[in-house]
Amino acid sequence: MTGPAGEGPAVEITVDGAAVAARPGELLIEACERNGVYIPRFCYHPRMASVGMCRMCLVTVDTGRGPSLQPSCMVTVAEAMAVETESAAAVKAQNGVLEFLLINHPLDCPVCDKGGECPLQDQTMAYGPGESRFVEEKRHFEKPIAISATVHLDRERCILCDRCTRFADQVAGDPLISFMGRGGATEVNTFADEPFASYFSGNTVQICPVGALTAEPYRFKARPWDLTEAVSTAWVDSVGARVSVQSSRNRVLRVQGVDADAVNWGWLTDKERFGFEALDSDGRVTGPLVRDAATGALVPASWADAATRAVEALSRAPAERVAVLGGARLTNESQYAWAKLAKGVIGTDNVDAQLDDGLPPELVLSLPRATIDEVCRPGGVIVLLGGDPKEELGSLYLRLRHAVVSDGATLIEITPRATGLSGLAAHSLHPRPGETAELMRALLAAAATGAADGGAAGCDRAAIAAAAAALDGEFTVVLGRGSLAETADSAAAAAAMLAGRGSVRFLPVLRRGNVNGAFDAGLAPGLAPGRTLLAAGTDRLAGIWPRVPARPGRDARAVLKAASVGEIDVLVLLGADPLNDFSDRAVAANALDGAGSVIAVDLFVNDSAARAADVVLAAAGPTETEGTFTNIEGRVSPMAQKVTPPGTARADWMIAADLARRLGADLGFASPAEIRSEMAEASELHRALTPEALAASPVEGVMLAGTQIPVPAVEAPVAPGSRGLRLVATRTMYDDGVMLRHCPSSRGLARGPEARVNPAALYRIDARPSTTVRVSSARGHLDATLVVDEGVPVGAVAVGWLAPGAPANALIEAGSPVTEVTVEAR
Amino acid sequence: MSRLTADNEARARRIMALYPRPKSALIPLLHLAQSQDGHLTDEAVRHVAELVGITPAEAAGTATFYEMFKFHPVGRYLVNVCTNISCALLGADDLVAHASAALGVKPGGTTDDGMFTLETVECMAACTEAPCLAVNYRYRLRVTPNDFDDLVAAIRSGDIDQEIPHHGTLARVHQEIPEGRMAGISSPEQARAAPAWMAAGAEGAG
């Protein structure tokens, strides 16, 4: 993007005889479009730098030296500029450009996926000459070649507009496609054996102005005029990218990015774009299942039977022996319904939307928030404290990358290992695992005194001093959970230290779906809806909820530990998979086995449910139910229902209402809209969420701001003194999670297990790089390929969180400040 | 041969050191790779991309723009016969037909012994001396079929090895600039600063 046009007095120009006020520095094509004059274009894209490649936007421009044809995407407005967009010369130029563009275009519109929504087709009809004088043979290429696992390229259709190649280079930073050759032989291609393996490859399909790029999931599935669309919100991570969900005959066929200026700028990760495939996969649970006592298998049952079994277990159990884990998959409305069921009807506060894989909710909710725009402010200073946005929150990564590359932002990363942003970071600090708080203390001390005393947490003095100097003025903090092989305590303490500086604002980037909505709905121990502590919210809830738990309950770690020793009678898994997502696999397994009854409410039978669920209640997925979503900023945007749920699957809030009714209570609402109005009553925060507010901002959503929670005191844990190798476990974009397992286009994209070590630490390992090694802890072991990686701290071994066949949580003991490991040859 | 040899990699690093940004050395490095193997192999392009810090796709994108980079093996002697207007009027077509028959390959082909690749090219800017051809970019002017046969015979006998090196060879003598004589490596932003040799007053002394 060329950046927002500058401030200053308007520039008066004349467009087709009418006076128009343009912004200083604005591109002519933008100024015209903003004033209702559309200039045809192929290569120009408002979110990327102009190149003037296609020449379709030629207009007659007169700046006092006589009229001349100029590409309006390359000309900035100037005072008294006179523009004719439909002059004889411009029309002739458009005719000529289109005739040239069509010289080599196959005109295979009847079999082309783009036909019907194709800018080349549309503009040929609107601005083209109608016939071609070209009788020679067109150029021929092998019909679609796969340039990545999901994207196909038909070079015959390509008009060389440079949009996909510019996207790959400028926006995604993965220049793996390029123009090859010259003149009439120019083509877009990848390097031999080096596919366009970008997390963002699907965006090129959306911005291709012809049918040259197509994506596997949509190829030959529908014609554009058969599709209906609804604007919704992406659900696979917590950025809340806005999407258009497009379906035909009750099947979702495509998801495209919507340009929300405050959020995702139209870009999506491939996971957001193609993740919908999982919802329609064979693995989907389409009706309730119950465990057959005789065979031990999960077998289909009626809703009445399944719900009865669930309610029998729930009504037998004392409230404090019931626990509800998960809920980040749900809409805000379903989360509220489940919070009301668990806390207000059953009366348990053992409720946690995280699985020990995030940050303490009372800390996150207490921090002053920054929006994405505020973090990405031109010239700002960004502290990244936590994980890797490229792997966890791809569409946020694109915004951060743009801020640094194009808008002069300074990035300081304090992460467990190098990230996708390391190459752009002004300062990269990777503390020894478990010692983030030590590093932060040293950094802030150095920032205060102007000089660093010495090294800290394995980072040297000079690096700390340099980073501290950058913390001189105002900055924002992107706060996430870094390594899952240590508790969140050290990072939380570091965040609290920053919060103590005042004027620092935070963008919490917990990655799990609608986890922010879950916190706001009170789906965490000790919380009431509306960023309020349970103790403080009791009065407001009286009369709305039948009861309120008297004492704060257990978090996920405590729940699972209690369940593993038989202290939990009913464990409800609200789309949770502790076996794969909880930090400690052994505790998760024992908890599933030790809980009296396990009730799963889910789209799939995940590994945990397969192991232990007595009842599986089939839930409706994100495109199958109406509601709202809360993103990392606190921005609430609609989730649209586009198709009906498969089989007898139901919205999660309906399941909650049904169970409540069978427990003898009435939740008191019969639609998401009614739930929203009750939320506005139950929570001060949600009062802003009126139907009018949502309708007034259909793309950007409604921001919920403010908090009732004071910043808690966070004790920094004492760093362990030992000097063994420590484990770093971080999330990767593609892993062996249950959604991705059921998504055809992302299946097989997860990297195999790798154990990464710094070259300087290789001497401690008796194995050669690229061979299989065994990583062992006191808890267990996994086998992985040894990879040398300078981005890993010297004393650490880095693994992906859920690599196929090598779950990192087999090594980790829940609640342990660090995980010490050994690595040996296999 | 595939990646750059250790010697050539060392030379590549010396070339890169002459530029403020490694990426600027891309084309010299591609020439270096071509002089090593006679054409650009995928492995060499990948290696060059690694050295200058870009993706192989970007390196290939630049390389494929230029006719003089070859991506398939070519003969030791690359014969370019001009077929543009002046040469065509003065018998270029006959010359191509003769060359084709004499070498036993069509334009674009390489002789079985790997000695010659015959190509037709557009104007080589020697119209006053048409018809013309170039062997490994060394020109031959007003070429008759007999001249062509003599040229091939001379090449085969090794008589003009000194004049026409093997394809891919850019120069047989590589320039080495002593440290003190270098113009000074500075970023483009600082390019206004006086070069090192000027500051040292070393002109003529080095």
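Residues numbered from 1 in each chain as written. Chains lettered and ligands numbered in written order. Predicted model: local features only at pLDDT ≥ 70, side-chain atom pairs only at ≥ 80, totals over all residues.

1. Considering the overall build of chain B
Check the secondary structure of chain B and you find eight helices and four strands. Among the 206 residues that make up chain B, the fraction classed as buried is 29%. Considering only residue pairs separated by 6 or more positions, chain B has 57% of its internal contacts joining residues 24 or more positions apart. (Helix = DSSP H or I, 4+ residues; strand = E, 2+ residues; numbered from the N terminus. Buried ≥ 20, exposed ≤ 12 C-beta atoms within 10 Å, placed from the backbone. Contact = placed C-beta atoms within 7 Å.)

2. Here we look at the overall build of chain A
Helix and strand counts for chain A come out as 26 helices and 38 strands. Its C-alpha radius of gyration of 28 Å places chain A within 12% of the 28 Å reference for a compact globule of 826 residues. The C-alpha extent of chain A, read off along each of the three principal axes, is 85 × 65 × 55 Å. Burial statistics for chain A: of 826 residues in total, 57% are counted as buried. (Rg over C-alpha atoms; globule rule 2.2 N^0.38 Å.)

3. Overview of the packing of helix α2 (residues 26-37) of chain B against helix α3 (residues 42-52) of chain B
Residues and elements named next belong to chain B. Remark: α2 packs on α3, axes separated minimally by 10 Å, with the N-to-C direction vectors making an angle of 150°. By the angle class used here, α2 and α3 are roughly antiparallel. Note on packing geometry: the crossing formed by α2 with α3 is right-handed. Seen from α2, the contacting residues are L26, L29, L30, A33, Q36 and D37; seen from α3, they are A44, V48, L51 and V52. The class makeup of the residues in the contact of α2 with α3 is eight nonpolar, one polar and one charged. (Axes fitted to C-alpha atoms, helices over the stretch in contact; angles between N-to-C directions. Parallel < 35°, antiparallel > 145°, perpendicular 65-115°, else oblique. Left-handed = near helix turned anticlockwise from the far one by under 90°. Nonpolar A, V, L, I, M, F, W, Y, C, P; charged D, E, K, R; others polar.)

4. Describing the domain arrangement of chain A
Reports often express the size of an interface as the amount of accessible area lost when the parts come together. Looking at chain A, the domain boundaries give domain 1 (11-101), domain 2 (144-279), domain 3 (289-357 + 514-697), domain 4 (369-508) and domain 5 (725-825). The gap between the C-alpha centroids of domain 1 of chain A and domain 3 of chain A is 55 Å. (Domains from an automatic or database assignment.)

5. Details of the confidence of the model for chain B
Summing up the model confidence of chain B, the mean pLDDT is 87 and the portion of residues at 70 or higher is 85%. Both scores are available for the predicted complex, with the pTM at 0.93 and the ipTM at 0.89. (pLDDT = per-residue confidence, 0-100.)

6. Description of the packing of helix α2 (residues 88-101) of chain A against helix α3 (residues 119-127) of chain A
Residues and elements named next belong to chain A. Running from amino to carboxyl end, α2 crosses α3 at an angle of 140°, the nearest separation of the two axes being 10 Å. By the criterion of interaxial angle, the relationship of α2 to α3 is oblique. Note on packing geometry: the crossing formed by α2 with α3 is left-handed. Only L120, Q123, T124 and Y127 of α3 make contact with α2, whose side of the interface consists of Q94, L98 and L101. Classifying every residue of the contact of α2 with α3 gives four nonpolar, three polar and no charged.

7. As for the domain arrangement of chain B
Domain assignment breaks chain B into domain 1 (6-71) and domain 2 (77-157). Spacing between the C-alpha centres of domain 1 of chain B and domain 2 of chain B amounts to 29 Å.

8. Here's the deal with the pairing of strand β28 (residues 627-630) of chain A
Residue and element names in this part refer to chain A. Of the two faces of β28, the one lined by G627 and F629 and the one lined by T628 and T630 are each fully buried. Across four bridges, the pairing between β28 and strand β29 (residues 635-639) is antiparallel. Bridge assignment links T630 to a residue of β29, and that residue is V636. Where β28 folds back onto β29 in an antiparallel hairpin, the turn is made up of four residues, including G634, whose phi is positive at roughly 95°. (Pairing = 2+ DSSP bridges.)

9. Concerning the interface of chain A and chain B
Counting residues at the interface gives 12 residues for chain A and nine residues for chain B. Here the side of chain A that touches chain B is composed, by residue class, of seven nonpolar, three polar and two charged.

10. A look at α3 of chain A
Given 3.6 residues per helical turn, the α-helix brings residues three or four places apart onto the same face. Residue and element names in this part refer to chain A. Those residues of α3 not exposed but buried are L120, Q121 and T124. Buried residues of α3, viewed axially, fall in a sector of 100°; they line one side. Where α3 is buried, its residues meet α2. (Arc of directions from axis to C-beta.)

11. Regarding the environment of A21 of chain A
Residue and element names in this part refer to chain A. Inspection of the secondary structure assignment puts A21 in strand β2 (residues 18-22). By the C-beta count within 10 Å, which is 13 here, A21 ends up partly exposed. Counting along the chain gives 58 residues from A21 to E79, while the straight-line C-alpha distance between them is 9.7 Å. Excluding its chain neighbours within four sequence positions, the residues that come into contact with A21 are A10 and E12.

12. Regarding the pairing of strand β34 (residues 781-788) of chain A
Residues and elements named next belong to chain A. The sheet contact formed by strand β32 (residues 754-757) and β34 spans four bridges and is parallel. Pairing of A755 across the sheet is with L786, part of β34. Connecting strand β33 (residues 772-776) to the antiparallel partner β34 that follows it, the hairpin turn spans four residues.

13. Side note on the sheet that holds β29 of chain A
Residues and elements named next belong to chain A. In spatial order, the strands read β28-β29-β30; together these three strands make up an open sheet with antiparallel pairing. Looking along the sheet, the strands with just one partner apiece sit at the ends: β28 and β30 (702-703). Docked against the sheet, helix α9 (residues 332-346) engages β28 and β29, running at close to 90° with respect to β28.

14. Comments concerning the sheet that holds strand β5 (residues 82-84) of chain A
Residue and element names in this part refer to chain A. The strand order across the open sheet built from five strands is β2-β1-β5-β3-β4, with neighbouring strands paired in mixed fashion. Each edge of the open sheet carries a strand with a single partner, namely β2 and β4 (68-71). Taking the axes of each pair of neighbouring strands and ignoring which way they run, one obtains an average angle of 40° across the sheet.

15. Details of the nonpolar core
Among the nonpolar cores identified, the biggest contains 286 residues, and V797 of chain A together with L29 and V48 of chain B are the most heavily contacted of them. When sequence neighbours within four positions are dropped, the list of residues in contact with V48 of chain B reads L26, L29, L30, A33 and A59 of chain B. In this structure, V79, L103, F116 and V143 of chain B belong to the second largest nonpolar core, which totals 18 residues. (Core = buried A, V, L, I, M, F, W, Y, C linked by C-beta atoms within 7 Å.)

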